[in-house]
Amino acid sequence: QVQLVESGGGSVQAGGSLRLSCAASGDTVSTYMMGWFRQGPGKEREFVAVSAWRGGNTFYADSVKGRFTISRDNVENTVYLQMNSLKPEDTAVYLCAAKTSFSYRYFNGKQYDYWGQGTQVTVSS
């Protein structure tokens, strides 16, 4: 089993930055892929970014490319999401997810085995 705990959410004005963290505990050797999804008000959950084992491969949603950066600290078993140039449409609950193996369907939330509780990000205009 893996437990995921997110932190770092908050409120920021458009154009600002936030850094989210997701700490994994338990059977962390199983966290081959760790990533972020988000769910905005009245919207379905959507893929944001993912990092494969040891951060060698990263993938992003088109809506965040060039603004968000995902990184991993494999010693601390933590994945980060640096979010710059935030827009009001980035407002959402951001959820950390982990998967025990690689999949090219990384954008599909159903592929993930473990989820955190989420952290709220609010961007005001």
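Whatever comes next refers back to the structure up there.
Residues numbered from 1 in each chain as written. Predicted model: local features only at pLDDT ≥ 70, side-chain atom pairs only at ≥ 80, totals over all residues. Heavy atoms only, no water.

Engineer: Give a description of the environment of Thr-28 that names residues and reports values.
Structural biologist: Tracing the backbone shows Thr-28 in the loop between strand 3 (18-26) and strand 4 (33-39). Given the relative accessible area of 16%, Thr-28 is considered buried. Each C-alpha atom of the pair Thr-28 and Thr-78 lies 9.8 Å from the other, and the pair is 50 residues apart in sequence. (Helix = DSSP H or I, 4+ residues; strand = E, 2+ residues; numbered from the N terminus. Buried < 20%, exposed > 50% of the residue type's maximum accessible area, 1.4 Å probe, protein only.)

Engineer: Explain the sheet that holds strand 7 (residues 68-73) to me, and be specific about the residues and the numbers.
Structural biologist: Taking strand neighbours across the sheet as the criterion, the four strands line up as 1-3-8-7 in an open arrangement whose pairing is antiparallel. Each of the sheet's edge strands pairs with one partner strand only, and the pair in question is strand 1 (2-7) and strand 7. Averaged over all pairs of adjacent strands, the angle between their axes in this sheet comes to 15°, without regard to strand direction. The pairing of strand 7 with strand 8 (residues 78-83) spans six bridges and is classified as antiparallel. Bridged to Ile-70 within strand 8 is Leu-81. (Pairing = 2+ DSSP bridges. Axes fitted to C-alpha atoms, helices over the stretch in contact; angles between N-to-C directions.)

Engineer: Could you give me a rundown of the packing of aromatic side chains, with the residues and numbers involved?
Structural biologist: For the coordinates displayed, the defined rule picks out eight aromatic pairs. With centroids separated by 5.7 Å and ring planes inclined at 75°, the aromatic side chains of Phe-37 and Phe-47 adopt a geometry described as edge-to-face. Of this pair, Phe-37 sits in strand 4 while Phe-47 sits in strand 5 (residues 46-51), placing them ten residues apart in sequence. Ring pairing ties together the aromatic residues Phe-37, Phe-47, Phe-59, Tyr-106, Phe-107, Tyr-112 and Trp-115, which thus form one cluster. We note Arg-45 situated over the ring of Phe-37; from NZ or CZ to the ring centre the distance is 5.9 Å. (Phe/Tyr/Trp six-rings, centres within 6.5 Å; stacked < 30°, edge-to-face > 60°. Lys NZ or Arg CZ within 6 Å of the ring centre and 35° of its normal.)

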